[in-house]
Amino acid sequence: MKKKILIIGCGLSGLSAAVTVCENGACALLVSPYTSERAQSVMAAGGMNAALDRQGLGDTPKIHCEDTMKGGAEIADPEAVLAMCEAAPEITLWMERLGTVFSLGEDGRPRQRIMAGHTYPRTVFAGASTGKQLVTALVRRARVLEADGVLERRTNHYFLKLLLDAKGRCGGAILWDELNKEVISLRADAVILASGGQNLIFGKTTGTISCDGTAAAVAFTQGARLKNLEMIQYHPTTIETPSKRMLITEAARGEGGRLYYLEESGKRVYFMEDKYGEKGNLKPRDVVSKEMYLTGKQVYLDITFLGEKKIEERLSEVSKLCKTYIHLDPSKEPIPVVPCIHFFMGGLAVSHNHETTIPNLYAVGECASIYHGANRLGGNSLLAALYSGRVAAKDAVKRSGFAVEDEDRQRDACREEFDGCHSKDSHFPSMYLLNNLSEIMNGKFGIVRNGQDLESGIEDLDFFLQICRKIKFDALIDPYRNYAIKYMLLMGKAILLSAQARQESRGAHNRADYPETDPAFCAASYCTYADGEIRVSFEKDGDHA
Amino acid sequence: MKIRIKRQRPDGQPYWQEFLYQPVAHENVAQVLDTLNYRDDLYDIEGKKAPHIAWECSCQQKQCGACAMVICGNPSLACATFPEELPIKNDTLIVEPLSKFPVIEDLRVDRSILYENLKASELWLTDPARVDSDRYATNYDAAKCLKCGLCLEVCPNYLKGTTFFGPAMIPETYLSVMQGKKDGLHFHKNVAAGCSKSGACQKVCPMQMDTLGMFATLSGRHVLSKKIHKADAGKEAESPL
C-alpha cells in the first residue's frame, strides 16, 4: 500500500511538496481553506534566484549562499542555505519544463536580473507575476496527478490540531470541514505544514488575510519550536488604501525612482541620497524602511520624471495599482509611500530535511524558518518555497506513520475545544479581539522597537489571552476564527517575547534601546512552550531544530 | 447608503437583507463588506441582529479572483469595484452571489465544477513544455487566469451540467496546446461546439484576457490538424497502389 502524506496549505510550497510526494511513489492529500489560485504565492512579483551564470560573470551557488547569509546578517543556517542555492538551477529547470512562462532572454531561456543585496544578476522572473506563473504551472502538474488518483485536493478545510501518538510523534491532523460543519481527523504517514506567514496577526499587510499563523501556533503548543520570530521584513514602498497596504515593486526604484520628504518650507529632502549617495534609493529593504521611519514624515516616491510612456512600458503594474486604488497618476504626481509588514523570516524551526521538533511533522514555505536569517533577499522566498516543499516531500515519503491509539479521543477533545469557543447566547465577536491584537502588534512592535513598548504589548496580550479563556464568542460569526484567535494571540506574544529577548539590532530587528549589533546575539532565537509558558533562548547553529 | 445583500444560510432559502453604511472615498466593495463584518455588532436596517456575511476574500487587490460576485447587476470582483464609480440607483448598493454556481453561504459559491472540467478536459502536459518566444505574451496572459468564474457568469451559453464547459477552459487550453499538448478534442467538443462568440467573457475578465483571440487560434489549429489528418489518411490509403 502506498504511503499517504497529508499537506496543509496549497500555495507554492504545499503544491511543490504534493507534486514531489506523488513523483516519489507516495500519495498526497492536499487540504486548505481555498484553492491554490487564492494563495498568497500568486502575489509574489519579483522573481526567483538561481546562480545560472548565463552571462559568464562567475556566479556560483556558493556566492548566492554568501549573499543570502550576508543579507540575513549571518544567523541563517549556512549548510542549509548552500544546499538550497545548489538546488536552485535544477529547480528553475524543473519549473521551465512544467511550463512556467518565464520572461525570456535572446537564447530562449529565462532572463535574469539583479535585485538588492545580490552580487550578480541571478533572479529569473515572469513579468510582474512570477508567483502566479509558477502556481499555474504547478497546479497543472497537480491536475494530472489528481487524474491518476495519487493526489487528492480538498478545499474548505481548516487545520485545528495535530494527531499525536503517546510519545508526541505526529500521525495525522484534525481539521474543520467547513462545508459539512464537522470536526474530522485524518491519519497520515507524515504531515507537512505549508500554511504561510503570520500576516493577519498584524491586520492588513501586503499579503493575504488567509495567512494567520494559527497552524504554526497550534504546532507550537503541541511541542514544535518557533524560531527568529522577531525577524519580520517591512517593505519600504507600499501604498495605503482604505482596504489594505499594496506593494509598489522595488523595480520602481530600480528604474530611478527617488524617495523624498517635504520640509515645512516645501523643499524636497532626498534623504536616502543625502545619506548613502547617488544609489541610496536602492539600499536593501530593511535599511530603506528604517530610514523612512526615522524621518518621521510622509515619504513620497517620485517616478514622474520617467514620463508616461516609460512608466507604461516598464512599470505598468505600478501605474495600474495607483490609478485603481488611490486614484493617482504616477506619471503626474509622486506616490505617497509607507513601509509595511511584508515577509516573516521567522516560523517553525526545522532541520535540513524540514522536519520540525515533532517527529514526522514537516514545515515548508513561509511558515518554516531556516534560510533567511535576520532579513530575506528579494527572489529567495519563491526559491525557498519550491525547494523546501521538495526537500520535505522526499524525506516524508520514507517515513512510516505512527499509530495513534486514541484518535477518537483526540478528535472529540478538539471538537469540544472548537465548540466550546462559541455560544449562541454570546454577542461578543472574536473580530473585536482580532482588532485589538493587530493594534497591539502594530503599536508595540514597529520598525524600531524598544523594551518598554514590548513589555507593555506583552502585558496587553496576556490580558486578552485571559479574556479568551473566560468568554465564549458569538456563534453566528466565523467559528474557525473563534477557535483560532487564542492561538494568534499566543503567536503575537511569542513574537514580542523574541523581540524583547534580542537586545541588539540586527537585520530587520531594530531596537532603539540597543541600536548596535552585538556579536553575542549572532544566533537564532528559539521559542519553546511548556505548561502555558513561552521560553526564549538563543542557539548559534540553525541545525539544532 | 444602503447595502442590499442577497443572503442564504447553508441549506436555507435565499433572502434579502439591508444595512446602512457610511461610504469612505476610494473604498471598494470588498472593504464595504469587510467593514460591515468587523463591526462589533452587525444589525440590519430594521435593527435586527444579523449574522456575519460569508464571502470569499484573499488578496484584496485583483490577483486571486476569490471575491467574484454580482454587484448592482454587474458580475465583478468586489476588490476592484468602487461604489463611487457605479450608477447606483436609490442610493442602494446591491450585492448578490454568482448565479451559475451553487451557493455555499451568502456570497460564497462552490466553483469546484470549474476545476472538475479542467480535469475532464485533460489540460496538462505529458512532455516538457515547448518554449515559444513568439507566443510569449499570450501564453503569459493565459497563465494569469484567476479561475474566478466571472466569464461563466456572463456567458450566454454556459449552463451547469451541460457538455459545454464555457470560456473558463480557453486560457488553460491555449497555454497547454501552445506548450505542446497534442489532443484538442476536448476543446472542440466541450468549448468550440457550444460557443456563440458573444465576447461577453472577454469584456468581463478582470485580467482582460483575449479569450476570443485564443479561441480563434485554437479553432484554426483544430481545423488545420483535421485537414492534415485527412490528407495523411488519404496518402496511407493510396500508398499500396
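What counts and what doesn't
Residues numbered from 1 in each chain as written. Chains lettered and ligands numbered in written order. Predicted model: local features only at pLDDT ≥ 70, side-chain atom pairs only at ≥ 80, totals over all residues. Heavy atoms only, no water. Helix = DSSP H or I, 4+ residues; strand = E, 2+ residues; numbered from the N terminus. Rg over C-alpha atoms; globule rule 2.2 N^0.38 Å. Buried < 20%, exposed > 50% of the residue type's maximum accessible area, 1.4 Å probe, protein only. Contact = heavy atoms within 4.5 Å. Areas by Shrake-Rupley, 256 points an atom, 1.4 Å probe, with all protein chains shown as cover. Lys, Arg positive; Asp, Glu negative; His and termini not counted. Charge placed at Lys NZ, Arg CZ, Asp CG, Glu CD. Buried area = accessible area lost by both parts, 1.4 Å probe. Salt bridge = Lys/Arg side-chain N within 4 Å of Asp/Glu carboxyl O. Polar contact = N/O pair within 3.5 Å; in protein donor to acceptor, adjacent residues only side chain to side chain. Nonpolar A, V, L, I, M, F, W, Y, C, P; charged D, E, K, R; others polar.

1. Regarding the overall build of chain A
Right, so step 1: The helix and strand inventory of chain A stands at 15 helices and 26 strands.
Right, so step 2: Scaling as 2.2 N^0.38, a compact globule of 545 residues should have a C-alpha radius of gyration of about 24 Å, and chain A matches this with 23 Å.
Right, so step 3: Within chain A, buried positions represent 63% of all 545 residues.
Right, so step 4: A separation of at least 24 residues holds for 70% of the contacts in chain A among residues at least 6 apart in sequence.
Right, so step 5: Total accessible area on chain A stands at roughly 19400 Å², and carbon and sulfur atoms take up 49% of it.
Right, so step 6: Across chain A, the 66 positively charged side chains and the 70 negatively charged ones have centroids separated by 3 Å.

2. Some details on unusual backbone geometry
Residue and element names in this part refer to chain B.
Right, so step 1: Phi is positive for His26, close to 60 degrees, though the residue is something other than glycine.
Right, so step 2: Along the chain, the position of His26 falls in the loop between strand S2 (15-20) and helix H1 (29-37).
Right, so step 3: Here the phi dihedral of Gln208 falls at roughly 50 degrees; this positive angle occurs in a residue that is not glycine.
Right, so step 4: Within the fold, Gln208 resides in the loop between helix H7 (200-204) and helix H8 (211-238).
Right, so step 5: What makes Gln208 exposed here is its relative accessible area of 63%.

3. Digging into the interface of chain A and chain B
Right, so step 1: Each side of the interface is counted separately: chain A has 58 residues, and chain B has 61 residues.
Right, so step 2: When the two sides are added together, the surface that chain A and chain B hide from each other amounts to roughly 5000 Å², 53% of it contributed by carbon and sulfur.
Right, so step 3: It is Arg38, Arg140 and Arg143 of chain A in chain A that bury the most area against chain B; as a group they hold 15% of the surface buried on that side.
Right, so step 4: Our count for the chain A to chain B interface comes out at 7 salt bridges.
Right, so step 5: Here chain A is connected to chain B by 30 residue pairs in polar contact (both at pLDDT 80 or more).
Right, so step 6: Among the secondary structure elements, those contributing two or more residues to the side of chain A that touches chain B are helix H3 (78-97), helix H4 (130-147), strand S13 (245-247), helix H10 (316-325) and helix H13 (430-444) of chain A.
Right, so step 7: Residue contributions to the side of chain A that touches chain B peak at 8 residues, all from H4 of chain A.
Right, so step 8: Taken together, the residues of the side of chain A that touches chain B sort by class into 25 nonpolar, 17 polar and 16 charged.

Read these as spatial facts, not as claims about activity.
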